[in-house]
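# Examination of the molecular architecture
Chain by chain, the residues run as shown.
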Amino acid sequence: MAVSATREAMADAGEQLAVLAGRVSELQAAAAQLPGEQRALFEQLQHAIEQLHREALLRLVRGLREEAAAAARLREVVRDPLVFGVLRLHGLVRDPLEQRVRAALASVQPMLAQHGGGVELVAVLPPDAVEIRLIGACRSCPASMQTLRHGVEAALREQAPELMRIVELGADPAAADRGAQAVSPFSPAPGGGFVDLCALEELPADTLVGHRLGGRELLLYRRGDLVHCMDNRCLHLGLPLSGAAVEDGVLTCRHHGFRYRLDNGDCLDLPGVRLPHHAVRLRAGRVAVKLGA
Ligand code: FES
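What you see is a predicted model; the values in this text were computed from it and never measured. (Residues numbered from 1 in each chain as written. Predicted model: local features only at pLDDT ≥ 70, side-chain atom pairs only at ≥ 80, totals over all residues. Heavy atoms only, no water.)

### Here's the deal with the overall build of the chain
Secondary structure summary: the chain contains seven helices and 13 strands in total. Relative to all contacts within the chain whose residues are 6 or more apart in sequence, the contacts with residues 24 or more apart total 50%. (Helix = DSSP H or I, 4+ residues; strand = E, 2+ residues; numbered from the N terminus. Contact = heavy atoms within 4.5 Å.)

### Notes on the confidence of the model for the chain
Across the chain, the average pLDDT comes to 79, with 83% of residues at or above 70. This stretch, residues 172–191, has a pLDDT under 50; its non-local contacts, to residues over four places away or in other chains, come to 39 contacts. (pLDDT = per-residue confidence, 0-100.)

### Remarks on the sheet that holds strand β11 (residues 259–261)
Spatially, β9-β10-β11 is the arrangement adopted by the three strands of the open sheet, whose pairing is antiparallel. Two strands in the sheet have a free side with no partner beyond their single neighbour: β9 (245–247) and β11. Each neighbouring strand pair of the sheet contributes to a mean axis angle of 25°, computed without reference to strand direction. Across three bridges, β9 lies against strand β10 (residues 250–252) in antiparallel orientation. Residue pairing in the sheet places V246 in a bridge with L251 of β10. (Pairing = 2+ DSSP bridges. Axes fitted to C-alpha atoms, helices over the stretch in contact; angles between N-to-C directions.)

### So, unusual backbone geometry
At D206, a residue that is not glycine, the phi angle is positive and equals roughly 55°. Along the chain, the position of D206 falls in the loop between β5 (195–199) and β6 (208–213). Here D248, not a glycine, exhibits a phi torsion of approximately 50°, which is positive. The residue D248 is located in the loop between β9 and β10 in this model.

### Quick notes on the pairing of strand β1 (residues 117–125)
For β1, the tally of buried residues reaches seven of nine residues, placing the bulk of the element in the interior. Counted between consecutive antiparallel strands, the loop separating β1 from strand β2 (residues 129–136) contains three residues. (Buried < 20%, exposed > 50% of the residue type's maximum accessible area, 1.4 Å probe, protein only.)

### Topic: the side chain of H211
Checked against the element boundaries, H211 lands in strand β6. For H211, a relative accessible area of 18% gives the class buried. Contacts of H211, omitting those with residues within four sequence positions, involve L197, C198, E202, R216, E217, L218 and L220.

### Considerations on the sheet that holds strand β3 (residues 165–168)
Reading across the sheet, the three strands line up as β1-β2-β3 and stay open at both edges, with mixed pairing between neighbours. A strand with exactly one partner marks an edge of an open sheet, and here the two such strands are β1 and β3. Going across the sheet, the axis of each strand differs from the next one's by a mean of 25°, ignoring polarity. As paired elements, β1 and β2 share eight bridges and run antiparallel to each other. Its bridge partner being in β2, G117 is matched across the sheet by G136. The strands that helix α5 (residues 97–114) touches are β1 and β2; relative to β1, the one it contacts most, it runs at about 170°.

### Concerning the nonpolar core
V101, V130, V152 and L156 are the most contacted members of the largest nonpolar core, which totals 18 residues. Aside from chain neighbours lying at most four places away, what touches V101 is L121, V124, V130, L156 and L163. Among the nonpolar cores identified, the runner-up in size contains 16 residues, and Y221, L251, C267 and L275 belong to it. (Core = buried A, V, L, I, M, F, W, Y, C linked by side-chain atoms within 4.5 Å.)

### A word on the environment of G249
Along the chain, the position of G249 falls in the loop between β9 and β10. As a C-alpha pair, G249 and R261 span twelve residues in sequence and 6.1 Å in three-dimensional space. Residue contacts for G249: discarding those within four places in its chain leaves R223, Y260, R261 and L262.

### Notes on helix α3 (residues 68–77)
Within the span of α3, buried status applies to A70, A71 and L74. Summarising the axial view, the buried residues of α3 lie within an arc of 100°, below the 170-degree limit, and thus occupy one face. Away from its buried face by more than 90 degrees, α3 exposes A68, A69 and R75. Close packing links the buried residues of α3 with α2 (36–65). (Arc of directions from axis to C-beta.)

Structure below.
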C-alpha cells in the first residue's frame, strides 16, 4: 500500500515536472517573439532571478558541505534528476567525468570528420586522466595533426578542467581492419555488439528516419558523415519523435516542443535528463547500431 502510494506520488511529481518544463518552454518561445526592447528586459529579469537563486543555492550547498553527515546527505539528494539538473544549471555540480569527456569528444568529432578522421575514447582514468586515440586521416596528416590535437585537448579541458593528463595512444592495431569505417564518439566499446540496421544510402541527409531494432523504436538522423541514433520516444509524454523539427543540431518534438541535442540526446528543457542515444558504426556502406541503456 505504502509502496504503491509512493509510486503514485512519484508519477504525479513527474507529471507536474513535465507540465512545468513545458510551460517554461512555451514562455521562452513566446519571449523569443517579443520586440527587441521587451525581449531584452525579459532576459535581464530572467538573468537577475537566476543569479539570485544561484547565490542562495551556493550558500546552501557550501553550508551543507561543512558538515560530514550533511555533505553525505547532499550527495544522495543530488541523485534526484531535478535537483541535479537545477544545480547543474547554476554550475554547482558537474556531470560525471566520463560523460563530460564523451561530450567533449563528440563536440570535436564533426571537425575531425571534415579531415577524414576522428577520435576514440580509450579509457577514463578517474580522477584526472583520460586516454584517447586519433584515428583515420588524423594520424596520417602531420600538418593538420597538431591543430586537430589542440582542438581535442581544448575541448576536453573546457568540459573537464580537472584533467591533469590527456594521454594520446598510438594507432590502434585493429585500425587497418576498419577501412572506411567511422565510429561514433559515443560508442562505449567500439567493435562489439553492433547490429546491422540498414544501408547508409537509405538515410537521406538531414532527414529523420525511423527504424525498429530489438523491439525498440529508433530514430536516425544523418548529418554529413555522421549518423545519430536515439530512441524514438519523447521524454515528455512518451510520444514518437518522428516528424520532429531539426535545426542547428537540435531536435524539437512536434507534440509539445521538448528539445533535444542530436549529438548526445541532452534534453534542453529538462536539465540533467537525456534521451537514450546509441552508438553508430559505418562500414562498407552499412549502418550498424549498438543499443545503449
Ligand atoms: S513534447 Fe510532449 S510528447 Fe514530446
